[in-house]
Each structure stands twice: as structure tokens, then as C-alpha cells.
Amino acid sequence: MIGRTRRVWTLRPSRFAALSRGRARLAWVAVLVLLLASLTALAVPPLTANGDAAGRAAERMTDIGLYERVVAGMRGGDPYYVAASDAMRAGAYPLHPFLTMRLPALAALQAAIPGWASIALLLALATLTAFTWASRIGLSLAGLLPRAILMMLLATSMLAFFQPGLVLFHEIWAGLLVALSLAIRRPGRALEAIALGVAAMLIRETAALYLLVMLAFALREGRRREALGWALALLLFGGVLALHAQAVASVTGPLDPTSPGWAAFNGPGFFVRALVASTGLHALPLVLGAVLVTLALLGWASWDDALGLRMFALLIAYGTTMSLFARLDNFYWALMIAPAALVGLVFVPDALADLWHRALDRRRITVTTVTS
């Protein structure tokens, strides 16, 4: 039955090819609901125009300016927490709770090497990540056209990650490390992926959500050793975070400003708009970008591979977190999952074809009794 569905771009049937007619129709309903939910992005205020997040940022030092000042202070001999707290006060940034101050790993690295070396390292990491994803996905595609589309989608997803002007931005580095970790993980070989996940968390603590997703999959699949590795990495990070909290407390006081919090409840439209703004989709009309984000989710869900299901779950996890907790000026959180997010579109033609055929399947089994 599955073999009769003609393949469009992929070598193997999609996950949807095995659905019953009833489940395929329910899947179509789910797709329509997701499309409608994505269109709520049209009601979200602009994230990068004058006003709202950008307007507030313009009234103070920009985030990149803040990071430049921290690195300059460390090169001048200041310890990280002194340099960071001084720079945040100068820019009127909140210093409470301790999570408002970034972990010191990236600033320490960039203070120790020349600026050109930091840019070269970023571009090398971005190139390696793109090559790894292209190699990994390319094995599932048939012909030159889908592979060309794959490269175009990677370029669109990773546009921000090849910009030297963002070399000081923590989400740029952490997002690349998360993407590379996910791409190189193999059944029975997860040590390198776990190590990259730890590196991502040490740069941006929100990468811990990635490790939680990977831990959940390892437990679900009964991979105990892998699950133990992800769990130990999270425990190690918990210890680092506790030390970070103590260090921040040593350079802050009760008069320092407090963050307004992260319970914004901006909804799924905000996540969609943030992902559009974080990729090359920002050049398209928002309604088209929102539809493409939803179709990318569909593509990842349809790919019959462990990587596809993990990427789908990762997008849902970060999407849910951003929908509930991110403020409008936290739209850059979407960079954590942007590097490969749009690649799921390459699986959409086969996904839609399989859903269409399964939803319209009207074959019946006729049992004939022959008596002699």
C-alpha cells in the first residue's frame, strides 16, 4: 500500500503514508488549525520597526553595544562580572534576577582572541553546520532539484548566522551549536552531540530546553546510556547556573533594576513572527512567511526519520515557550532553532501527496466465500 504512493522528492515514503483514512483526514484538520494559528502573527506588533521592542532598545544601549562594552572591559583587565554589571548599569539594563546577565563563556572567549579570529570562528562554525545538515538531509532526497531547494532553504534559514556584525550575539553561537549537535547525533553515538549541547548551554541557558527534548526522546526510545548522558549534562549545567547566580549576587544590590518578567503570553503568532524575522523569510510578506513556517513544521513531522521527529519536537518546544513567556523584545530567542527550521519545507511535497492519497483512499476489501 505504501509503495504505491508515488514519491515526489524523497527516496522513502513519508510518515503520513502509513496513516489510515480517518487519521489522514484528522491530520488535514490539524494542518488547517495550524495555518489559522500562524496567521495570528498578523496581529503581533512589528518586532524590528520603530516602536515597541526597537523603540525601547533605541532609548538605551543596544544589546550588541552592551556585549562590546563587556568584552572591552575584560580586555582592559576587569573580571567578567564587574565588566558586565558596569555595562548593564550604563545601559539601564535590569540586573535582577540573575538570568538577566549572560553566562561568561562567550565574552571570555572573545576577550581572549582578536575580533577577526572570533568572526572567522563563527563563519567556520556556520559553514560546518550548513555542510552537516546538507549532507544529512541530502541522503533522503532524490535528484538535483530537491537538493538545490535544500541548499536554498538552508541559506534562507541561516542568513543571520553568516553576518559578522552579529558575532557578539549569544543566540547566534548557541543556535549553531544546537543545530550542529542535533545533526551529528546518531543512535548509539551521542557523546559529541551532548558535548555540543553543553557548549550551547554555557553560552545561552535557553539551550537547556534542547537537552530536555533530547533527554525525553532518549527515555522514550529506551536508550538508557544516551539518556544518562543528557541528564548528567543538565545536572552539570545546573551547578554552573548556581555558581553564576552567586557571582551575579556579589556584584548587584537591592537598588539595581529588576526585569519585568517573562510571562508575556503573546501566543503562537508571536513565535511565528519571530521565526520569520530571524530568517530570510523577513523579506517576504508576513502572511506568506507565516504559512511557510507552518508548512515547515508539517514537513518535519512527515519525515520518517528520528531527526525529523526531534526537529519537529524542538520547534514545538521553543514555540510553546516563546508563546507563553517571551516578551516582544525577546523575539531573538527564535535564533536558537532557526538554522535548520525552514529545511522542513523540502519534505512538504511528499507530505501533502501522501496525506491527499490517504485521506481519499476508498478501497474496500471484499471477502468471497467459495464452496464446493
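This is a predicted model, so every value here is computed, not measured. (Residues numbered from 1 in each chain as written. Predicted model: local features only at pLDDT ≥ 70, side-chain atom pairs only at ≥ 80, totals over all residues. Heavy atoms only, no water.)

**A few points about the overall build of the chain**
Helices and strands together make up the secondary structure of the chain, namely 15 helices and 0 strands. Radius of gyration (C-alpha) of the chain: 23 Å, near the 21 Å computed for a compact globule of 372 residues. In terms of principal-axis extent, the alpha carbons of the chain reach across some 95 × 45 × 40 Å. Classification of the 372 residues of the chain by burial places 51% in the buried group. When contacts within the chain are restricted to residue pairs at least 6 apart in sequence, long-range pairs at least 24 apart make up 78% of them. Side chains of the chain carry 31 positive and 18 negative charges; the gap between the two charge centres is 14 Å. (Helix = DSSP H or I, 4+ residues; strand = E, 2+ residues; numbered from the N terminus. Rg over C-alpha atoms; globule rule 2.2 N^0.38 Å. Buried < 20%, exposed > 50% of the residue type's maximum accessible area, 1.4 Å probe, protein only. Contact = heavy atoms within 4.5 Å. Lys, Arg positive; Asp, Glu negative; His and termini not counted. Charge placed at Lys NZ, Arg CZ, Asp CG, Glu CD.)

**Things to note about the packing of aromatic side chains**
Across all of its chains, the model carries 9 aromatic pairs by this definition. Connected via pairs of aromatic rings, a cluster forms that spans Tyr67, Phe169, Phe331 and Tyr332. (Phe/Tyr/Trp six-rings, centres within 6.5 Å; stacked < 30°, edge-to-face > 60°.)

**Here we look at the nonpolar core**
Ranked by size, the top nonpolar core spans 125 residues in total, and within it Val70, Met101, Trp133, Ile137, Tyr210, Trp230 and Trp300 carry the most contacts. Setting aside its immediate chain neighbours within four residues, Val70 contacts Tyr80, Ala83, Ala84, Ala87 and Ala107. (Core = buried A, V, L, I, M, F, W, Y, C linked by side-chain atoms within 4.5 Å.)

**Some remarks on the pattern of salt bridges**
Charged atoms that come close allow side chains of opposite charge to pair. For the structure shown, the criterion picks out 14 salt bridges. A salt bridge links Arg15 to Asp304, with the shortest nitrogen-to-oxygen separation between them at 3.7 Å. With a gap of 289 residues between them, Arg15 in the segment before helix H1 (21-38) and Asp304 in the loop between helix H13 (286-302) and helix H14 (306-325) connect regions that are remote in the sequence. By relative accessible area, which is 26% here, Arg15 ends up partly exposed. Two residues, Glu171 and Arg204, come together in a salt bridge whose shortest N-O distance is 2.4 Å. Pair noted here: Glu171 is in helix H8 (residues 170-184) and Arg204 is in the loop between helix H9 (191-203) and helix H10 (208-220), with a separation of 33 residues, a long-range link. The two residues Glu171 and Arg204 agree in class, both being buried. Residues joined by salt bridges that share partners form a network here, namely Arg185, Glu221, Arg223, Glu226 and Arg310. (Salt bridge = Lys/Arg side-chain N within 4 Å of Asp/Glu carboxyl O.)

**What to know about the environment of Thr252**
Relative to the helices and strands, Thr252 resides in the loop between helix H11 (224-250) and helix H12 (268-277). Ignoring anything within four residues of it in the chain, the contact list for Thr252 reads Arg89, Leu95 and His96. Within polar-contact distance, the side chain of Thr252 engages the backbone oxygen of Val248 at 2.9 Å. (Polar contact = N/O pair within 3.5 Å; in protein donor to acceptor, adjacent residues only side chain to side chain.)

**Regarding empty space enclosed by the protein**
Tallied over the entire structure, the rule returns 3 cavities of 30 Å³ or more. Estimated volume of the largest cavity: approximately 80 Å³. As for the largest cavity, its lining consists of Thr10, Arg12, Pro13, Ser14, Ser140, Ser302, Trp303, Asp304, Phe347 and Asp350. Of the residues in the lining of the largest cavity, the class split is 3 nonpolar, 4 polar and 3 charged. Here the second largest cavity defines a volume of roughly 40 Å³. (1 Å grid on protein atoms, 1.4 Å probe; cavity = no way out; pocket = protein on both sides within 12 Å on 5 of 7 lines; lining within 4 Å. Points joined across faces, edges and corners; volume = space filled by probe spheres on them. Nonpolar A, V, L, I, M, F, W, Y, C, P; charged D, E, K, R; others polar.)

**A word on the environment of Phe325**
With respect to the helices, strands and loops of the structure, Phe325 is situated in helix H14. Expressed as a C-alpha distance, the spacing of Phe325 and Phe265, which sit 60 residues apart in the sequence, is 5.9 Å. When sequence neighbours within four positions are dropped, the list of residues in contact with Phe325 reads Trp262, Ala263, Ala264 and Trp333.

**Let's talk about the side chain of Thr10**
Position of Thr10 among the secondary structure elements: in the segment before H1. Setting aside its immediate chain neighbours within four residues, Thr10 contacts Ser140, Leu141, Phe347 and Asp350.

**What to know about unusual backbone geometry**
The step from His96 to Pro97 runs through a cis peptide bond, and the omega angle for that step is -5°. With respect to the helices and strands, the residue Pro97 is situated in the loop between helix H4 (80-90) and helix H5 (105-112). One non-glycine residue, Ala92, adopts positive backbone phi at about 60°. Considering the arrangement of structural elements, one finds Ala92 in the loop between H4 and H5. By relative accessible area, which is 56% here, Ala92 ends up exposed. Despite not being glycine, Phe265 shows a phi value in the positive range, around 50°. On the secondary structure map, Phe265 appears in the loop between H11 and H12.

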